[in-house]
Amino acid sequence: AQTVTQSQPEMSVQEAETVTLSCTYDTSESNYYLFWYKQPPSRQMILVIRQEAYKQQNATENRFSVNFQKAAKSFSLKISDSQLGDTAMYFCAFVYTGANSKLTFGKGITLSVRP
Amino acid sequence: DTAVSQTPKYLVTQMGNDKSIKCEQNLGHDTMYWYKQDSKKFLKIMFSYNNKELIINETVPNRFSPKSPDKAHLNLHINSLELGDSAVYFCASSQGRSVDTQYFGPGTRLTVL
């Protein structure tokens, strides 16, 4: 069974600074995908970034980038130049490439951006 | 245009009632999902349909019955509602399998009194 662990329940960052959210996962699979989703107070789940495990290059999307360490089974999200609109819950998620596999989420981390 | 829509957004009902939540996606995706987010914000998959065929059925009470009339719609019917069913229910869709990016609806907050 796959597990996703987000050990920090809450984090806070000053506007314009950089913050890193941690995520580790456990799997015996070699082919899989990892995601970070954002859930602002509006409740909408929004994809932030997606990483294919077979790609060594870390994914980036504007101010968001990941540090993917496959051997360590670590997938952290770095948010640069934090903005007030980044205040949200962030969920790390994992899915392997097998038939009928399902997306498994971590417990999430609440990020607050301070003005 | 809303890509994945759900109705209603809020649902308040009494224990024992039967209710339905509707979901529609206009993305042309083949796969749709239902997730439950509990009071601690933990998200867990309930069901998944691919081209109207049930492909994932997690350990969910059989009071919950999904129905997919076509690949753009996936409804969730809940019989004999219980207090523990109170949660936010999300519908999502993806082009193909679960490895494809899933796009979520706005969620339905169900409160059972």
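Predicted model, so just to flag it, every value in this text is computed and none were measured.

Caption draft 1: Fine view of the overall build of chain B. A tally of helices and strands in chain B yields zero helices and 11 strands. Counted from the first residue to the last, chain B has its helices and strands arranged as β-β-β-β-β-β-β-β-β-β-β. For chain B, whose C-alpha radius of gyration is 13 Å, the value lies close to the compact-globule estimate of 13 Å for 113 residues. Judged by the C-alpha coordinates and their principal axes, chain B covers about 35 × 30 × 25 Å.

Caption draft 2: Local environment of the nonpolar core. Membership of the largest hydrophobic core comes to 26 residues, with the highest contact counts inside it found for Leu21, Trp36, Leu77 and Tyr90 of chain A. Mapped onto this core, the elements with two or more residues apiece are β3 (19–21), β5 (32–39), β6 (46–52), β8 (64–69), β9 (74–79), β10 (88–96) and β12 (109–114) of chain A. In terms of residue count, β10 of chain A provides more of this core than any other element does, four residues in total. With sequence-adjacent residues up to four places away left out, Leu77 of chain A is seen in contact with Val19, Thr20, Leu21, Trp36, Val48, Ile49, Phe64, Ser65, Val66 and Tyr90 of chain A. Tyr37 of chain A together with Tyr33, Val88 and Ala92 of chain B belong to the second-largest nonpolar core, a separate cluster that totals 20 residues.

Caption draft 3: Spatial organisation of the sheet that holds strand β3 (residues 19–25) of chain B. Residue and element names in this part refer to chain B. Judged by pairing direction, the sheet is antiparallel, and its four strands sit side by side in the order β1-β3-β8-β7 without closing on themselves. Strand pairing shows two members of the sheet lacking a second neighbour, β1 (4–7) and β7 (64–70), which therefore form its edges. When strand polarity is set aside, the average angle formed by the axes of neighbouring strands in this sheet is 20°. As judged from the four bridges shared by β1 and β3, these two strands associate in the antiparallel manner. Its bridge partner lying in β3, Gln6 is registered against Cys23.

Caption draft 4: Local environment of the pattern of salt bridges. All names here are of chain A. Counted according to the given criterion, the structure contains nine salt bridges over all chains. Note that Lys55 is salt-bridged to Glu52, the shortest N-O span being 3.9 Å. A single salt-bridge network, built from bridges that share partners, covers Arg50, Glu52 and Lys55.

Caption draft 5: How the structure looks around the state of the cysteines. Per the counting criterion, the structure on display carries two disulfides over all chains. Across the disulfide, Cys23 of chain A is cross-linked to Cys92 of chain A (sulfur-sulfur distance 2.0 Å). Of note, the bridge from Cys23 of chain A to Cys92 of chain A carries an S-S torsion of about -70° and is left-handed in sense. Here Cys23 of chain A is found in the loop between β3 and β4 (24–26), whereas its partner Cys92 of chain A is found in strand β10, with 69 residues between them in sequence. Both residues of the pair, Cys23 of chain A and Cys92 of chain A, count as buried. Put simply, Cys23 of chain B and Cys91 of chain B are joined by a disulfide, and their sulfur atoms are 1.8 Å apart. Disulfide Cys23 of chain B-Cys91 of chain B: the torsion about the S-S bond is -75°, which places it as left-handed. Residue Cys23 of chain B is found in strand β3, and its partner Cys91 of chain B is found in strand β9 (residues 87–94); the two are separated by 68 residues along the sequence. Classification of Cys91 of chain B as buried rests on a relative accessible area of 0%.

Calculation criteria
Residues numbered from 1 in each chain as written. Chains lettered and ligands numbered in written order. Predicted model: local features only at pLDDT ≥ 70, side-chain atom pairs only at ≥ 80, totals over all residues. Heavy atoms only, no water. Helix = DSSP H or I, 4+ residues; strand = E, 2+ residues; numbered from the N terminus. Rg over C-alpha atoms; globule rule 2.2 N^0.38 Å. Core = buried A, V, L, I, M, F, W, Y, C linked by side-chain atoms within 4.5 Å. Buried < 20%, exposed > 50% of the residue type's maximum accessible area, 1.4 Å probe, protein only. Contact = heavy atoms within 4.5 Å. Pairing = 2+ DSSP bridges. Axes fitted to C-alpha atoms, helices over the stretch in contact; angles between N-to-C directions. Salt bridge = Lys/Arg side-chain N within 4 Å of Asp/Glu carboxyl O. Disulfide = S-S within 2.5 Å.

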